[in-house]
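Structure assessment
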Amino acid sequence: EAAKDILEVLMNNTAFAEQMHKAAVTASWCGHVFIKLGYDMAVSDYPIIEIADIRNAELVKDRGITTEIIFKNYYKVGSSNYVHKEIYTTTVESNALIINRLYKITANGDETEVPLATLPETANLQSELVFNGLKGMIAFEIPNKLPNNEFPDSPYGASDYAGAHSSYDALDEVLSEMYSEVRNNKPMRYVPDTMLRFLQDEKGS
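A short tour of the structure in this document, coming up. Since the model is a prediction, treat every value here as computed from it, not as a measurement. (Residues numbered from 1 in each chain as written. Predicted model: local features only at pLDDT ≥ 70, side-chain atom pairs only at ≥ 80, totals over all residues. Heavy atoms only, no water.)

Some details on the side chain of Thr26
Position of Thr26 relative to the elements: it lies in helix H2 (residues 16-30). With residues near it in sequence (within four places) discarded, Thr26 still touches Gly31, His32, Val33, Ile51, Ala52 and Asp53. (Helix = DSSP H or I, 4+ residues; strand = E, 2+ residues; numbered from the N terminus. Contact = heavy atoms within 4.5 Å.)

Right, here's the structure in full:
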């Protein structure tokens, strides 16, 4: 009973149900969802659950096993672009590990590592944070559905809308053809002259 009470407090303070709903919605349209357990003692005494999609998270697999999940935060300062990579993995002893790295993105898309102190948003982060005694990663990845038939070699799942592109394309083709016909003044209506009322004079009699 005591454990149940503690769990209810934990779930309420982490907004667990709301975050799982967001994760389900994200997986549906995105095909893959990533969940990380972060912390910020200045904000909450409880774990902070955050949801990410494939636009700002990346999988690293070794022989089909997930060894790292990289969460990406992008920043723009003046004309310079940066990406903060928050790498969730484990140590050799399998303890949870978070690695923070900051990269400057060059004009051609290459990334050059720079000190975390370069940006105020990352200046106070530790380069590596080990959770001794906590085994396994404190981040998770959940594919929506596998295999991904459109991209068989992709480690990411397929969205609920995968395979529907051809249907949308067919509808678009129908509309495009209709618009083209109208633009070319092709629509015509034929009315037999027997259905027309001839006027005998200018007064219409």
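From this point, things continue past the structure.
So, the layout of surface pockets
Quantified by volume, the largest pocket comes out at close to 510 Å³. Residue lining of the largest pocket: 20 residues in total, with Tyr39, Asp40, Glu86, Asn100 and Leu125 positioned closest to the centre. For the lining of the largest pocket, the secondary-structure elements that each account for two or more residues are strand E1 (32-38), strand E2 (48-52), strand E4 (65-77), strand E5 (80-90) and strand E6 (95-105). Tallying contributions element by element places E5 first for the lining of the largest pocket, with three residues. Considering only enclosed or pocket space, the second largest pocket measures out at about 200 Å³ in volume. Lining the second largest pocket are Leu7, Leu10, Met11, Thr14, Phe16, Met20, Ile35, Leu37, Pro47, Ile49 and Phe140. Class assignment for the residues of the lining of the second largest pocket results in ten nonpolar, one polar and no charged. (1 Å grid on protein atoms, 1.4 Å probe; cavity = no way out; pocket = protein on both sides within 12 Å on 5 of 7 lines; lining within 4 Å. Points joined across faces, edges and corners; volume = space filled by probe spheres on them. Nonpolar A, V, L, I, M, F, W, Y, C, P; charged D, E, K, R; others polar.)

Points about the pattern of salt bridges
For the structure on display, the rule yields eight salt bridges. Here Glu50 ties to Lys36 by a salt bridge, and the two come within 3.9 Å at their closest N and O atoms. Here Glu50, found in strand E2, pairs with Lys36, found in strand E1; they are 14 residues apart in sequence, far enough to count as distant. The class for Glu50 is partly exposed, based on a relative accessible area of 37%. When the shortest N-O distance is used, the salt bridge between Lys85 and Glu111 registers 2.8 Å. Here Glu111 lies in strand E7 (residues 111-114) and Lys85 lies in strand E5, a separation of 26 residues in the sequence. Residue Lys85 is classed as buried on the basis of its relative accessible area of 13%. Classification of Glu111 by relative accessible area gives partly exposed; the value is 38%. (Salt bridge = Lys/Arg side-chain N within 4 Å of Asp/Glu carboxyl O. Buried < 20%, exposed > 50% of the residue type's maximum accessible area, 1.4 Å probe, protein only.)

Let's talk about helix H1 (residues 2-13)
Along an α-helix, residues three or four apart share an orientation, since each turn contains 3.6 residues. In this model, H1 (twelve residues) spans 17 Å end to end at C-alpha, consistent with the 16 Å of a helix rising 1.5 Å per residue. Of the residues flanking the end of H1, it is Ala15, one or two places downstream, whose phi is positive at about 50 degrees. (Expected span 1.5 Å × (residues − 1).)

Some details on the sheet that holds E2
Spatial ordering of the open sheet is given by E2-E1-E9, a layout of three strands whose pairing is antiparallel. Among the strands making up the open sheet, the edge pair consists of E2 and strand E9 (139-143). Here the strands of the sheet are splayed against their neighbours by 20 degrees on average, with no regard to which way each runs. (Pairing = 2+ DSSP bridges. Axes fitted to C-alpha atoms, helices over the stretch in contact; angles between N-to-C directions.)

Looking at the nonpolar core
Most often, soluble globular proteins keep nonpolar side chains buried together rather than apart. Among the nonpolar cores identified, the biggest contains 14 residues, and Phe34, Ile69, Phe71 and Tyr88 are the most heavily contacted of them. Of all elements in the fold, only strand E3 (57-62), E4 and E6 reach the threshold of two or more residues within this core. Other than its neighbours up to four places away in sequence, Ile69 contacts Phe34, Glu58, Leu59, Glu86, Ile87, Tyr88, Met137, Ala139, Phe140 and Glu141. Core analysis: the next-biggest nonpolar cluster, separate from the first, contains six residues, Ala23, Ala27, Ile35 and Ile49 among them. (Core = buried A, V, L, I, M, F, W, Y, C linked by side-chain atoms within 4.5 Å.)

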